[in-house]
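Next come the chains, spelled out residue by residue.
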Amino acid sequence: MHGNGHNGTVRIGFYICHCGHNIASIVDVKAVSEYIKSLSGVVISCEYKYMCSDPGQELIQKDIKEHSLNRIIVASCSPLLHEHTFRTAVEKGGLNPYYFQMVNIREDVSWVHTDMKAATEKAKDLSRAAVQRVFHHKSLETKHVKIHPDVLIVGGGIAGIHAALTLANAGKKVYLIERNPTIGGHMAMFDKTFPTLDCAACILTPKMSQVKNHPNIILWTYSEVAKVDGYVGNYKISIRRKPRYVNEELCVGCMDCIEKCVYKEGKTPDEFNVGLSKRKPIYIPFPQATPQIVVIDRETCIEFKSGRCKKTCVEACDRKAIDFKQKEEIKEIEVGTIILTTGYQTFDASRVPFYGYGKYPNVYTSLEVERLVNASGPTGGELILRDGRHPKTVGIIHCVGSRDKNTNRWCSRTCCMYSLKLAHLLKEHTDAEVYNFYIDIRAAGKSYEEFYDKLLDENVHFIRGRVAEVSDWAVRPSEEGKLIIRAEDTLIGIVRRVPVDMVVLAVGMEPQADSQDVRRMFNISCSTEGFFLERHPKLAPVDTFTDGIFIAGACQGPKDIPDSVAQAGAAAAQALILIDSGEIELEPNTAYVVQNECSGCRTCLTICPFTAISRDEAKQKAFINEALCKGCGTCVAACPSGAIKQNLFEDEMIFSEIDGLLKMESPACC
Amino acid sequence: MPTVEQPKENSWEPRIIAFFCNWCTYTAADLAGVSRLRYAPNARIIRVMCSGRVDPQFILDAFSKGADGVLIGGCHPGDCHYMEGNYKALRRMELLKRMMKDMGIEDKRFRLEWISASEGERVKTVINEMTEQVRALGPLGLPKKFAEWDKELESLEHEINAKGDTVHA
Amino acid sequence: MPDKPKVAFYWCASCGGCEESVVDLAESILDVVAAVDIVMWPVAMDFKKKDVEAMADGSILVSLVNGAIRTSEQEEMAKLMRKKSKLIIAYGSCAHTGGIPGLANQFEREEVLRYVYEESPSTVNPQKTRPELKVITNGSTVTLPNFFNVVRALDQVIDVDYYLPGCPPTPKLLKQALEVLLSGKLPEKGAVLAPDIALCDECPKKDTKPSDLKFTEFKRPHSIQIDPKVCLLAQSILCMGPATRGGCEGVCISGNMPCTGCFGPTSRIKDQGAKILSALASQVEARDEKGIDETLATIPDPVGTFYRYGLPVSLLRRKNFNSTG
């Protein structure tokens, strides 16, 4: 190892963590510690119960001073979890933090192996690799990047609204982007909310108008993010503003134009009422839509289809707000942080054909029922079935597109509770007999179990069993003209046939259809099922793996309104941390060209995806702009003459890791 | 020369060096850990920021130092945290694989896998599969082979020294 | 005369081109001859092994040894030269990195001998006679050196002080090297006596390489009309220049032939072939496996192309045969 002495004498402190029993029960930490002590350069090697605890960190700091240590290695959990903790501890101990190296013997060893001998050997190999690696470590300067104080929020459902208001109230400028003509999201479609049964609109619409009127919020509806460039603190975003064909500055939402449209009746399924009513080509999604601006649907408007409309709408508008020549507009904005609150979509019930959705008119999805029971809904809140009848019996089928290996495996978390709510509302509206077919009732929230108890008292029936089929095949006279729900009642062990007038399918929550495109655009990850992936499931639930981008609400996973709002607040707080600290530390893992070694062959210029590498024409050499380099190291691997180096990942560091991993005996000599 | 391992034939265990990208596969390995998935203890992970950082030299170096297999894990195509580092890895590995075949290294000893951050299960499957595939191939043992090749220098040295006897015989 | 420093030349597995390059010093060779006392030079002068054996250990200032080590005789002579010399220079690609003979590391010894003595189209050998290490004819024993299984660069057999790269080294580099050695200002041990920067730095066509080069195929020099003014890579011709140490001043490239890598890699590189592979493959345009493979298929022989002069010193050294023999 003599060749490694160029940093002066290397004095290594090695600390192996028990992590309680997490590591020590599978890895013989004492054996690893003793083995590492025998390696060249190692001055201190010891074990400790919790290295990440204050005493653990203080131990390192004390040793740095008392034993003049200049390299620190901690073998514990994943560097993605605690690298920063230990770097900070090392820095407080008076040593440059980049002399630190972490060895992952928990996630990569003790948690995934059962054989103590093999796990201990692996821990030794990984630790030895780190010992060899740190010989090549260098003192580096942490990079700081300024944070642009403005925030982009994508998605104007309750999560986006809450995050926007939180930040705006803290004095930050927010761009709230919503692709529909109005904000409000799914919550605006709901009738009441569980378990308190407040009216969804009553609690949501005030927040919607606050958004509209807040001086710090720029609200762009009917708009989508087209392009994302840049990095934490300095994102450059292109927003595509779709043409409404109505001038937003001029329209006051009087709706005279809608009334005067040449269509006397709506012909197009109304999105807001989930197709239960029809709207005209010129419309406002719902009375409290925000902003209160009319939109023209190009696909159904006669003027766009034929160019020969009488344009009665134009005549009707005193303010001359209608503009058929309006063009799509691209807005360029700069923000420092981004919060994604893009929500979810409901499960398409026709994917479970044996429940008869789309086949039997009186089979409804839960979202349709929300509109049916709503006073401003298509029937004015009167529960009239598609065949004109009022239901006397209703069956609610839980877990449609949830907890099902054939569709979605996950629990959608909200269906039990909203099914209880709908059961209550249906009973209230119709006094029908209501049957709930459930697998388990999951009422784990504040006052949720109590709500379930209340429903039991209301004589709503609960049948525990997965429904096999919904059919109109009557075998008894009492079943004639009814929908028959066949299910096993697992509590009494018989198959039941329950004839009902109306079936409600409690559809689950799914990632948005374009969630993969969205996450690619923002360079974040998705979990297996397609919801956006948080940085840590417990400790960083609204962070992503991309600095400066946060997630909240159902885009991260199924959740109800209180949880979405809580996450939105958390995401806003995370953004505030960055904005108010004004800058962020970046890993100094950028690449640089050693000028007198560069032959100017241009290989690196062709492969950098961030155009961080340019050519100094005078010197005829490549040059890396540190601010643009994101530290992937691709150019380093490609540089054919070894003239590019990457901080923290230099060739020699990786070669010495390889060597250390594969060397079975002590590397003290070679 | 690195110290050469002298395993007993029956105690041989495949040694696999795995280069995992920070954002997808390394995170997936963390997830496998958090989920307490159990898999073979034969892989040793080296974390790099991107699969595009994996220099073909690292792979050859690992083999020459005694690895029986090398695994590279990166983000799925289109998902690279750095836009297209994984495509560069793919291009390099396609050519490297062909070259290594010409150099007598079985292609099953070398694997490039796309494993996203959520695919902890895939980390387990791939490491288990690869361990068994490499086990079936047996040790590559290049350091041992290098040492054996170099024995011809010593043995011929003996022969040269013995040559005098031959002439007189 | 006895005050003049002693210099020796020796050749191992080589083509003789390195010897030519010494003669290429032209009239400068007279200065060399005047300054030194040549004590061994099989190609030009009649010294024998026993003459060298008779010399005191370390009495030769510098021996320039060219050629790879392929036989026991070469090994023996290399070791003898090492013993008698203060400094050993591995002269030329074969001694430096194994050179063209090193390409035989893709084959086993038996394959090489069988081809040469039995199968090659020009061989007539119905009895399949092979050379023997010992033959007794008319009562006297004749011995032949053994033919090794593995081709080695010089420093894989003896300790080497300096390297003069090239197939062959240019007279300019040789002259500079001799001047430095005779001046007594010795460079750091192990130095390669050529610039530690890739060839592109001094390439006459450097300015014509575009910054957004993407490959869709690689062409062979004979298959196109080469534009003499333009970077060969820009014309899709596989040029090893970016991964090869400079110092030759682009002699091949000036002749419209691509660099084939004879100067070996820069000091930062462990494996020249892996590096040029990485650089070129990174610049392939296709993104899908099929397209990538189609482009790369136009490099029909990656080992022979990327390790033309350096297989024995590559990380894998030699093709792996399952029988380790």
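Everything numeric in this text was worked out from a predicted model, so none of it was measured. Position numbers for residues start from 1 in each chain and track the written sequence from start to end. Here chains are named by letter from A upward and ligands by number from 1 upward, in the order in which they appear as written. pLDDT decides what is reported in this predicted model: residues at 70 or higher carry local features, side-chain atom pairs at 80 or more are listed and counted, and totals for whole chains, interfaces and linings draw on all residues regardless. Remark: hydrogens and water are excluded; side-chain values derive from all non-hydrogen atoms of the structure.

Participant: Help me understand the sheet that holds strand β3 (residues 71–76) of chain A, please; the structure alone is not making it clear to me.
Facilitator: Where strands meet in a sheet, backbone hydrogen bonds hold them as pairs that are either parallel or antiparallel. Residue and element names in this part refer to chain A. Note on pairing: DSSP must find at least two bridges between two strands before they are called paired. The helix and strand labels rest on DSSP assignments: H or I over at least four residues marks a helix, E over at least two residues marks a strand, and numbering proceeds from the N terminus. Reading across from one edge, β2-β1-β3-β4 is the order of the 4 strands in this open sheet, with parallel pairing throughout. Every interior strand has two partners, whereas the edge strands, β2 (42–48) and β4 (100–104), have only one. Averaged over all pairs of adjacent strands, the angle between their axes in this sheet comes to 15 degrees, without regard to strand direction. Sheet topology places β3 next to β4; 5 bridges connect them, and they run parallel. The residue of β4 that forms the bridge with Ser76 is Asn104. By definition in these notes, contact holds between two residues if any of their heavy atoms fall within 4.5 Å. Simply put, an axis is a line fit to the C-alpha atoms, just over the touching stretch for a helix, and the angle between two N-to-C directions goes from 0 to 180 degrees. Strand contacts of helix α2 (residues 54–66): β1 (12–17), β2 and β3, with the helix running at about 165 degrees to β2, the strand carrying the most contacts.

Participant: Any chance you could explain the packing of helix α3 (residues 85–102) of chain B against helix α10 (residues 289–296) of chain C here in plain terms?
Facilitator: The angle between the axes and the distance between the axes are what describe a pair of packed helices. The interhelical angle for the contact between α3 of chain B and α10 of chain C, taken along N-to-C directions, is 55 degrees, at an axis separation of 10 Å. Classed by the angle they form, the pair α3 of chain B and α10 of chain C counts as oblique. Crossing of α3 of chain B over α10 of chain C shows right-handed handedness. Residue-level inspection shows Leu90, Arg91, Glu94, Leu95 and Arg98 of chain B of α3 of chain B in contact with α10 of chain C, the latter providing Glu289, Ile292, Asp293 and Leu296 of chain C. Note on residue categories: nonpolar means Ala, Val, Leu, Ile, Met, Phe, Trp, Tyr, Cys or Pro, charged means Asp, Glu, Lys or Arg, and polar means any other residue, Gly included. Among the residues making up the contact of α3 of chain B with α10 of chain C, the classes are represented as 4 nonpolar, no polar and 5 charged. Oblique is the label for any angle not covered by the other classes, which are roughly parallel (under 35 degrees), roughly antiparallel (over 145) and roughly perpendicular (65 to 115). By convention the crossing between two helices is left-handed if the near helix lies anticlockwise of the far one by an angle smaller than a right angle, and right-handed if it lies clockwise.

Participant: For this particular structure, what's the right way to read the sheet that holds strand β22 (residues 433–438) of chain A?
Facilitator: Residues and elements named next belong to chain A. The strand order across the open sheet built from 5 strands is β20-β27-β21-β22-β23, with neighbouring strands paired in parallel fashion. Among the strands making up the open sheet, the edge pair consists of β20 (363–365) and β23 (461–464). Between one strand axis and the next, the sheet turns by 25 degrees as a mean value, whatever way the strands run. As paired strands, strand β21 (residues 393–400) and β22 are joined by 5 bridges and run parallel to one another. Each bridged residue has a counterpart across the sheet, and for Val394 the counterpart in β22 is Val434.

Participant: Any chance you could explain the packing of aromatic side chains here in plain terms?
Facilitator: Each pair of aromatic rings is reported with the distance of its centres and the angle of its planes. Residues and elements named next belong to chain A. Only Phe, Tyr and Trp rings are paired, with Trp represented by its six-membered ring, and only when their centres lie within 6.5 Å; those with planes under 30 degrees apart are stacked, over 60 edge-to-face, the remainder tilted. Under the criterion given, the structure shown has 16 aromatic pairs over all chains. Between Phe194 and Tyr448 the ring centres are 5.4 Å apart and the planes differ by 85 degrees, which places this aromatic pair in the edge-to-face class. Within this pair, whereas Phe194 is found in the loop between β8 (192–193) and β9 (198–199), its partner Tyr448 is found in helix α13 (residues 448–457), the two being separated by 254 residues in sequence. Each member of the pair, Phe194 as well as Tyr448, carries the same accessibility label: buried. On the numbers, 5.5 Å between centres and 75 degrees between planes, the contact of Trp410 with Phe531 is edge-to-face. With Trp410 in the loop between β21 and α12 (415–430) and Phe531 in the loop between α14 (515–522) and β29 (549–551), the pair connects residues that are 121 residues apart, well separated along the chain. As far as the burial class goes, Trp410 and Phe531 line up, both buried. Linked through ring pairs, Tyr245, Phe304 and Phe324 together constitute an aromatic cluster. When a residue's accessible area, from a 1.4 Å probe over protein chains only, is under 20% of the maximum for its type it is buried; when over 50% it is exposed; and in between it is partly exposed.

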